[in-house]
Amino acid sequence: MATAEDSRTGGKEGTADSPGWLDRVRATPAGRLTLRIVIGVIGTALVVTGLIMVPFPGPGWLVVFAGLAVLATEFAWASRLLQFAKERVRAATDWLKRQNWFVRIVAGALTLLCAGAIVWVSVRLTLGIDLIQKARELLS
């Protein structure tokens, strides 16, 4: 039966007698550097893509956290940043859960306002379309 360790090390090779494929890659300086570069590129691409997705409908923050998790496999700073971010999100969520309905509604409204502003700026800068002006034209 495969274990969690087996899946991280490349299958049934993850025993004490034979190293897994990641261990074999890390065994040489060139392999370690190549692995760090590949993990760095993939993780950074995920983080940047997630940050772009944040104001839009979809899993933006999930992708950011996934990118940090990928980076954390090779970089200690990313592991510390991921832990810090998890703690802050948990603290903010716990704080919001303890608030009354009025504070929750204001927090939700402010979140929507910020997301709308980011979408407006993004569309304005990338497509040159002023959504507010278009809405005014449609309403008049």
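In case you missed it, the structure is sitting above this.
Residues numbered from 1 in each chain as written. Predicted model: local features only at pLDDT ≥ 70, side-chain atom pairs only at ≥ 80, totals over all residues. Heavy atoms only, no water.

K.L.:
Account for helix α3 (residues 29–53), naming residues and giving values.
P.N.:
For α3, which comprises 25 residues, the first-to-last C-alpha distance of 36 Å matches the rise-based estimate of 36 Å (1.5 Å per residue) to within 8%. The set of residues buried in α3 consists of Gly 31, Leu 35, Ile 39, Gly 40, Gly 43, Val 47 and Gly 50. Where the residues of α3 are buried, they touch α2 (21–26) and α4 (60–72). (Helix = DSSP H or I, 4+ residues; strand = E, 2+ residues; numbered from the N terminus. Expected span 1.5 Å × (residues − 1). Buried < 20%, exposed > 50% of the residue type's maximum accessible area, 1.4 Å probe, protein only. Contact = heavy atoms within 4.5 Å.)

K.L.:
An account of the packing of aromatic side chains is needed here, citing residue identities and associated values.
P.N.:
In this structure the tally under the stated criterion is two aromatic pairs. When the centroid spacing of 6.0 Å and the interplanar angle of 40° are considered together, the rings of Phe 75 and Trp 77 count as tilted. Among the residues examined, Trp 77 registers a relative accessible area of 45% and is labelled partly exposed. Measuring from centroid to centroid gives 6.2 Å for Trp 101 and Phe 102, while their planes differ by 90°, and the two rings are edge-to-face. Since its relative accessible area comes to 62%, Trp 101 is described here as exposed. (Phe/Tyr/Trp six-rings, centres within 6.5 Å; stacked < 30°, edge-to-face > 60°.)

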